[in-house]
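Here are the chains, one letter per residue:
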Amino acid sequence: MEGKNEQRAGLLYGIGAYGMWGLVPLFWPLLEPSGAVEILAHRMVWSLGVVGVALLALRRWAWIGELVRKPRQLGLIAVAASVIAVNWGLYIWSVNNGHVVEASLGYFINPLVTIAMGVLLLGERLRPAQWAAVAIGLAAVLVLAIGYGQPPWISLVLAFSFATYGLMKKKVGLGGLESLAAETAVLFLPALVFLLWLGADGGATFLAGGASHGVLLATTGLVTAIPLICFGAAAIRVPLSVLGLLQYLAPVFQFSLGILYFHEEMPAERWAGFALVWVALVVLTWDALRTARRSRAEALRLAVQAARTAAPADKAPVAKPDITPLQK
């Protein structure tokens, strides 16, 4: 019963994390007239404060000393921080400039880009269904390029930057909260210097926009940290296959907001391109679920076989103890 409760809680945490990421397009327009770069800088600065408080509350500091003694990991974290800054900044700009649908496409095709990077950079071998999904994804990009009159650069940059970020995080091997703390620590000083320069130049909106605007800019730290904390709580409670399915919630919400709330245009060729992407994701998800099911079945078969092999040894006759009376 306790295991089921843990899985149920993990599912709720996962839905909460991806739901918040999916609804975040409603938040960024509230920060206008702040520009995307200023919002990004505030997000970096306040995120470090939030994760710092969380680490202090959890007393999780030991990893810092270990990390400082590993230059290679520090370099990977610097790369991860750089690409996630590009991802965050472009996403904020996209939402506040009427490109929510195109931004959602970036997160739809991100799993396909991740697979392609695994082949090109890590030498991974793909199953036939994965090759089919990648090919359909490439066809979708071509259709969308025709529809937009140019490649969907926003979607591609978001997808490749987030896939690169995931690759760096995998190599670093830190937990979600620790990783975010390290990345925002790298970004903190440049972000703070930019905000101070912007204030000295008279272009900052933190104080000029009034107290409520300043509070909204400060909450960017919470908007960044809370979904990640929920994601971390989900990751330790539910199988990876479930998280893989939940990840589609965010772009689905973003796409729906782009169409229904922001009223962005969707001509026929864009619908065709998105339809191809969704077909590719269906193929990819079907293959992942089938592979996971086969792996579980194979693991069960091996466990049963091992138990049967060990059974004769368990039933071997037990030697009787020597009960000959002791001689006086």
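Placed above this text is the structure.
Throughout this description, residue numbers start from 1 for each chain and increase along the sequence as written. Local features in this predicted model are restricted to residues of pLDDT 70 or higher, and side-chain atom pairs are both shown and tallied only at a pLDDT of 80 or more, whereas totals for entire chains, interfaces and linings draw on every residue. As a rule here, side-chain values come from all non-hydrogen atoms in the structure, and water together with hydrogens is ignored.

Undergrad: So what about the overall build of the chain? Which residues, and what values?
TA: A run of H or I in DSSP becomes a helix once it reaches four residues, and a run of E becomes a strand once it reaches two; helices and strands are each numbered from the N terminus. A tally of regular secondary structure across the chain gives 13 helices and 0 strands. As defined in this context, the radius of gyration uses C-alpha atoms, and a globule is described by 2.2 Å times the residue total to the power 0.38. Over its C-alpha trace the chain gives a radius of gyration of 25 Å, far above what one expects of a compact globule, namely 20 Å for 328 residues. Categorising residues by exposure relies on relative accessible area from a 1.4 Å probe, with only protein chains included: less than 20% of the type maximum marks a residue as buried, more than 50% marks it as exposed, and the intermediate range marks it as partly exposed. Scored against the burial criterion, the 328 residues of the chain give a buried share of 39%. Any two residues having at least one pair of non-hydrogen atoms within 4.5 Å are treated as being in contact. Contacts spanning at least 24 positions in sequence make up 86% of the contacts within the chain whose residues lie at least 6 apart. By element, 69% of the accessible surface of the chain is carried by carbon and sulfur atoms, the whole surface being about 18300 Å². Of the side chains in the chain, 24 bear a positive and 17 a negative charge, and the two mean positions are spaced by 15 Å. For accessible areas, the Shrake-Rupley method is used with a probe of radius 1.4 Å. Any residue's cover is judged against the shown protein chains and nothing else. Asp and Glu count as negative and Lys and Arg as positive, but His and the ends of the chain are not part of the count. Where a charge lies is defined by one atom per residue type, namely NZ (Lys), CZ (Arg), CG (Asp) and CD (Glu).

Undergrad: Go over a nonpolar patch on the surface with me, naming the residues and quoting the values.
TA: A cluster of nonpolar side chains, namely Leu 23, Leu 26, Val 252, Phe 253 and Tyr 261, defines an oily patch on the protein surface of about 430 Å² accessible area. No other element matches the 3 residues that helix H12 (residues 249-261) contributes to the nonpolar patch. Secondary-structure assignment places Leu 23 in helix H1 (residues 2-23). Each patch groups residues whose relative accessible area exceeds 30% and which form no salt bridge, using 9 Å between like charges and 5 Å between nonpolar side chains of Val, Leu, Ile, Met, Phe, Trp and Tyr. What counts as a salt bridge is simple: a side-chain nitrogen of Lys or Arg found within 4 Å of a carboxyl oxygen of Asp or Glu.

Undergrad: Describe the packing of aromatic side chains, with residues and values.
TA: Pairing of aromatic side chains requires ring centres within 6.5 Å, counting the rings of Phe and Tyr and the six-membered ring of Trp. Pairs whose planes differ by under 30 degrees are stacked, by over 60 edge-to-face, and all others tilted. Inspection of the entire model under this criterion finds 16 aromatic pairs. With a centroid separation of 6.4 Å and an interplanar angle of 90°, the aromatic rings of Phe 108 and Phe 274 are classed as edge-to-face. With a gap of 166 residues between them, Phe 108 in helix H5 (residues 100-122) and Phe 274 in helix H13 (residues 268-314) connect regions that are remote in the sequence. Accessibility classification places Phe 108 together with Phe 274 in one group, the buried group. Ring-pair connections join several aromatic residues into one group, and the members of that group are Phe 108, Phe 255, Trp 271, Phe 274 and Trp 278. Here the guanidinium or amino end of Arg 43 rests over the ring plane of Trp 88, the centre of that ring lying 4.1 Å away. Placement of a charge over a ring requires the Lys NZ or Arg CZ to be within 6 Å of the ring centre, with the centre-to-atom vector within 35 degrees of the ring normal.

Undergrad: I'd like a rundown of the nonpolar core, residues and numbers included.
TA: Here, the term nonpolar core denotes a set of buried Ala, Val, Leu, Ile, Met, Phe, Trp, Tyr and Cys residues that are joined through side-chain atoms within 4.5 Å. The biggest cluster of nonpolar side chains holds 55 residues, and the ones touching the most others in it are Ile 109, Phe 274 and Val 277. Residue contacts for Ile 109: discarding those within four places in its chain leaves Ser 155, Leu 156, Ala 159 and Val 277. Ranked by size, the runner-up nonpolar core spans 15 residues in total, among them Leu 31, Val 95, Tyr 107 and Ile 154.

Undergrad: Account for the layout of surface pockets, naming residues and giving values.
TA: Each cavity reported here is a set of points on a 1 Å grid over the protein atoms alone in which a 1.4 Å probe fits but cannot get out, each pocket an open set with protein on both sides within 12 Å along at least five of seven lines, and each lining residue one with an atom within 4 Å of a point. Grid points are joined across faces, edges and corners, and a volume is the space filled by probe spheres set on the points. Here the second largest pocket defines a volume of roughly 200 Å³. Lining the second largest pocket are Ile 109, Leu 112, Val 113, Ala 116, Val 134, Gly 137, Leu 138, Val 141, Leu 156 and Phe 160. Charged means Asp, Glu, Lys or Arg here, nonpolar means Ala, Val, Leu, Ile, Met, Phe, Trp, Tyr, Cys or Pro, and polar covers whatever is left, Gly included. Split into classes, the residues belonging to the lining of the second largest pocket amount to 9 nonpolar, 1 polar and no charged.

Undergrad: Could you give me a rundown of the environment of Leu 249, with the residues and numbers involved?
TA: Of note, Leu 249 is situated in helix H12. The class of Leu 249 is partly exposed, set by a relative accessible area of 25%. Spatially, the C-alpha atom of Leu 249 lies 5.9 Å from that of Tyr 18, the residues being 231 residues apart in sequence. If sequence neighbours within four positions are ignored, Leu 249 has contacts with Ile 15 and Tyr 18.

Undergrad: Could you give an account of the side chain of Gln 130, with specific residues and numbers?
TA: Along the chain, Gln 130 falls in helix H6 (residues 128-148). Looking at Gln 130, the relative accessible area reads 12%, which means it is buried. Other than its neighbours up to four places away in sequence, Gln 130 contacts Ile 115, Arg 125, Leu 284 and Asp 287.

Undergrad: Give me the pattern of salt bridges: which residues, what numbers.
TA: Enumeration according to the criterion identifies 2 salt bridges in this entry. With a shortest N-O distance of 2.7 Å, Arg 127 and Asp 287 are connected by a salt bridge. Taken together, the residues span a long stretch of sequence, with Arg 127 in the loop between H5 and H6 and Asp 287 in helix H13 at a distance of 160 residues. With a relative accessible area of 32%, Arg 127 lands in the partly exposed category. A salt bridge links Arg 290 to Asp 287, with the shortest nitrogen-to-oxygen separation between them at 3.2 Å. Linking Arg 290 with Asp 287, this pair stays in helix H13, spanning 3 residues, or about one helical turn. The class of Arg 290 is partly exposed, set by a relative accessible area of 23%. If you follow the salt bridges from partner to partner, you end up with Arg 127, Asp 287 and Arg 290 in one network.

Undergrad: How would you explain the side chain of His 42 if you had to name every residue and give the values?
TA: Looking at the secondary structure, you find His 42 in helix H2 (residues 36-58). The class of His 42 is buried, set by a relative accessible area of 5%. If near-sequence neighbours (up to four positions away) are discounted, His 42 is found in contact with Ser 47, Leu 195, Phe 206, Leu 217 and Thr 220.

Undergrad: Give me helix H8 (residues 176-200): which residues, what numbers.
TA: Along an α-helix, residues three or four apart share an orientation, since each turn contains 3.6 residues. The end-to-end C-alpha separation of H8 is 35 Å, in line with the 36 Å expected for 25 residues at 1.5 Å each. Bend is computed residue by residue as the angle between axes fitted to the seven residues ending at the residue and the seven residues starting at it. At Phe 188, H8 shows its largest bend, some 40°, and a proline, Pro 190, comes one to four positions later. Residues of H8 that are buried make contact with H2, helix H3 (62-68), helix H4 (71-96), helix H7 (153-172) and helix H10 (220-235). Directly after H8, the chain includes Gly 202, whose backbone phi takes a positive value near 85°. A helix's residues, less one, multiplied by 1.5 Å, set its expected span.

Read these as geometric descriptors, not functional statements.
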